[in-house]
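Descriptive structure summary
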Amino acid sequence: MTAPAPPLIEAARRLADEVLAPGAESADREGVTPAAIAAVKASGVLGVSGPAAYGGAQAPDPVAREIAETLAGACCSTYFVQAQHHSPVRMLASSASPARERLLRPLCDGTLLSGIAFSHLRAFPRTPVRVGRVAGGRRFDGRVPWYTGWGLNDVLLLGGVTEDGEVLFAFADAREQPGLRPTPPLRLAALTGTRTVGLELDGLVVPEEAVVWSRPYEEWAVADRPKNTNPNPAVFGVARAALSLLEAAGDAEAAETARVLGERLNEVRREAYALVDEVEPGERPADRLAVKTRAYDVLRAATTAAIVAGGGRAFGLGSPAQRLAREGLFLVVQGQTADVRSAHLRALRD
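1. Quick notes on the environment of Y273
When you line up the elements, Y273 lands in helix α10 (residues 252-278). A residue is classified by how much of its surface remains accessible, and Y273, at 8% relative accessible area, is buried. Sequence-wise, Y273 and D61 are 212 residues apart; in three dimensions their C-alpha atoms are separated by 9.8 Å. In contact with Y273, other than residues within four places in its own chain, are R65, E69, P233 and F236.

Laid out in structure tokens, this is it:
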């Protein structure tokens, strides 16, 4: 663990305890607030993986995972809005684009919050978002089905596919403008508070200097595919929050259930992170998927146990138990690929 890591984890814990957890039920029902995002920006967590030369903490992956677990367990809606930010930071850090010098420091120091709009690239060979050349820049047309953080993000990283089959990423301002219009907010069973919309693209033009990455689709896909075979750290954060509710229920059965499920959670978490840290990306995909589905099993058991222990009271919208259960369901499908879906369905029928 590098020197900046302990203060950053402590900052995340303060953010979780003082801002996110107290506002979690309100964020779930009414939406993540600008005030909560301002607290996220001020905490320093947005720069956890950013290069130190640009104001980031350049912390190792275990620190970033610990922060993700902490934030997700406190308020998964706010966690998920800020989670979008870290992919643009990593991409800019490895880019030679002029956008690096313009955006990387404000993204690392929390001046700017970025969203992402590129999950649709996994639909290839369908191309929901197409990119063409225009004088001095690129033109985007199509529809982004899922964009999180509208009205909260300052910029967005937009992906599309060119006529010759290249994946191209570019930054744009996260606001309505010529060629970019948001849909009404999506009504979701969980994480409605993330202010998620679709984006209608009808001739959005970005300057050439906003382009940060362009490669053949398969080159991008080879790097992208292995990512979703690993559990999202948020799974462990939400499961741990549910077990904390269970421990607080105040009876022996609940306490024993929390102890047993806590041991299972710790075991699957150790296995998952060992595969991430000690095995080359893309290797042992079957083992990764098996651990991921086991993590889902523990998450489901933990959130169900919190509901059971809470009884009828757990179904009130002011109860964190029902919120955590719905957040758990969301995490089961978040970032889902065909391989993950197949592995999970097989595990459920075994």
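2. Some thoughts on the packing of helix α4 (residues 61-74) against helix α9 (residues 233-247)
Look at α4 against α9: their axes get within 7 Å of each other, and the N-to-C directions meet at 45 degrees. Here α4 is positioned oblique relative to α9, judged by the angle of their axes. Seen along the crossing, α4 lies across α9 with a hand that is right-handed. Counted together, R65, A68, E69, A72 and G73 of α4 and P233, A234, F236, G237, V238 and A241 of α9 form the full contact between these two elements. Considering only residue class, the contact of α4 with α9 consists of 7 nonpolar, 2 polar and 2 charged.

3. Some points on the packing of α9 against helix α12 (residues 320-333)
Closest axis-to-axis distance for the α9/α12 pair is 10 Å, and the angle between their directions is 160 degrees. Comparing the axis directions of α9 and α12 gives the class roughly antiparallel. α9 and α12 meet at a crossing whose hand is left-handed. Taken together, the residues of α12 that come into contact with α9 (itself represented by A234, V235, V238, A241, A242 and L245) are P320, A321, L324, E327, G328 and L331. For the contact of α9 with α12, the per-class residue count stands at 10 nonpolar, 1 polar and 1 charged.

4. Focus on helix α13 (residues 338-349)
For α13, which comprises 12 residues, the first-to-last C-alpha distance of 17 Å matches the rise-based estimate of 16 Å (1.5 Å per residue) to within 8%. For α13, the elements touching its buried residues are α11 (285-310) and α12.

5. Concerning unusual backbone geometry
In the segment running from F124 into P125, the intervening peptide bond is cis, with an omega of 20 degrees. When you line up the elements, P125 lands in the loop between β1 (114-117) and β2 (129-134). Notably, R284 is not glycine yet its phi reads approximately 55 degrees, a positive angle.

6. Quick word on the packing of aromatic side chains
Scanning all chains against the criterion turns up 8 aromatic pairs. Ring geometry for F118 and F169: centres 5.2 Å apart, planes at 85 degrees, overall edge-to-face. Here F118, found in the loop between β1 and β2, pairs with F169, found in strand β5 (residues 166-173); they are 51 residues apart in sequence, far enough to count as distant. F169 carries the same exposure label as F118, and that label is buried. The interplanar angle of 80 degrees and the centroid separation of 5.5 Å between the aromatic rings of F236 and Y273 together place this pair among those described as edge-to-face. Of the two residues, F236 is situated in helix α9 and Y273 in helix α10; the sequence distance between them amounts to 37 residues. An aromatic cluster is defined as three or more aromatic residues linked by ring pairs; in this entry it consists of F80, W146 and F330. Of note, R65 hangs over the ring of Y273, and the distance from its end group to the ring centre comes to 4.1 Å.

7. Section: the pairing of β5
The element β5 is largely enclosed, with a buried count of 6 among its 8 residues. Of the pairings in the sheet, the one linking strand β4 (residues 155-162) to β5 comprises 7 bridges and is antiparallel in character. The partner of L156 across the bridge, within β5, is A172. Taking the residues that link successive antiparallel strands as the turn, the β4-β5 hairpin has 3 residues, and the phi of G165 there is positive, at about 80 degrees.

8. Topic: the environment of Q84
Along the chain, the position of Q84 falls in the loop between α5 (76-83) and α6 (86-93). Assessed through its relative accessible area of 7%, Q84 is described here as buried. For Q84 and S342, which are 258 residues apart along the polypeptide, the C-alpha to C-alpha distance reads 25 Å. Apart from residues lying up to four places away in sequence, Q84 is in contact with S114, G115, I116 and T148.

9. Things to note about the side chain of S77
Relative to the assigned elements, S77 resides in helix α5. Leaving out residues up to four positions away in the same chain, S77 has contacts with D28, V32, L191, G193, T194 and E327.

10. Some points on the pattern of salt bridges
Scanning the entire structure with this criterion turns up 22 salt bridges. A salt bridge links E208 to R138; the shortest N-O distance between them is 3.1 Å. Of this pair, E208 sits in the loop between β7 (197-207) and β8 (211-216) while R138 is found in strand β3 (residues 137-147), placing the two residues 70 residues apart along the sequence. For R300, the salt bridge goes to D297, with nearest N and O atoms at 3.0 Å.

11. Let's talk about the side chain of H86
Looking at the element boundaries, H86 is found in helix α6. Among the polar contacts made by the side chain of H86, one reaches the side chain of Q82 at a distance of 2.8 Å. Look past the residues within four positions of H86 in its chain and what remains in contact with it is V45, L46 and V48.

Procedures and definitions
Residues numbered from 1 in each chain as written. Predicted model: local features only at pLDDT ≥ 70, side-chain atom pairs only at ≥ 80, totals over all residues. Heavy atoms only, no water. Helix = DSSP H or I, 4+ residues; strand = E, 2+ residues; numbered from the N terminus. Buried < 20%, exposed > 50% of the residue type's maximum accessible area, 1.4 Å probe, protein only. Contact = heavy atoms within 4.5 Å. Axes fitted to C-alpha atoms, helices over the stretch in contact; angles between N-to-C directions. Parallel < 35°, antiparallel > 145°, perpendicular 65-115°, else oblique. Left-handed = near helix turned anticlockwise from the far one by under 90°. Nonpolar A, V, L, I, M, F, W, Y, C, P; charged D, E, K, R; others polar. Expected span 1.5 Å × (residues − 1). Phe/Tyr/Trp six-rings, centres within 6.5 Å; stacked < 30°, edge-to-face > 60°. Lys NZ or Arg CZ within 6 Å of the ring centre and 35° of its normal. Pairing = 2+ DSSP bridges. Salt bridge = Lys/Arg side-chain N within 4 Å of Asp/Glu carboxyl O. Polar contact = N/O pair within 3.5 Å; in protein donor to acceptor, adjacent residues only side chain to side chain.

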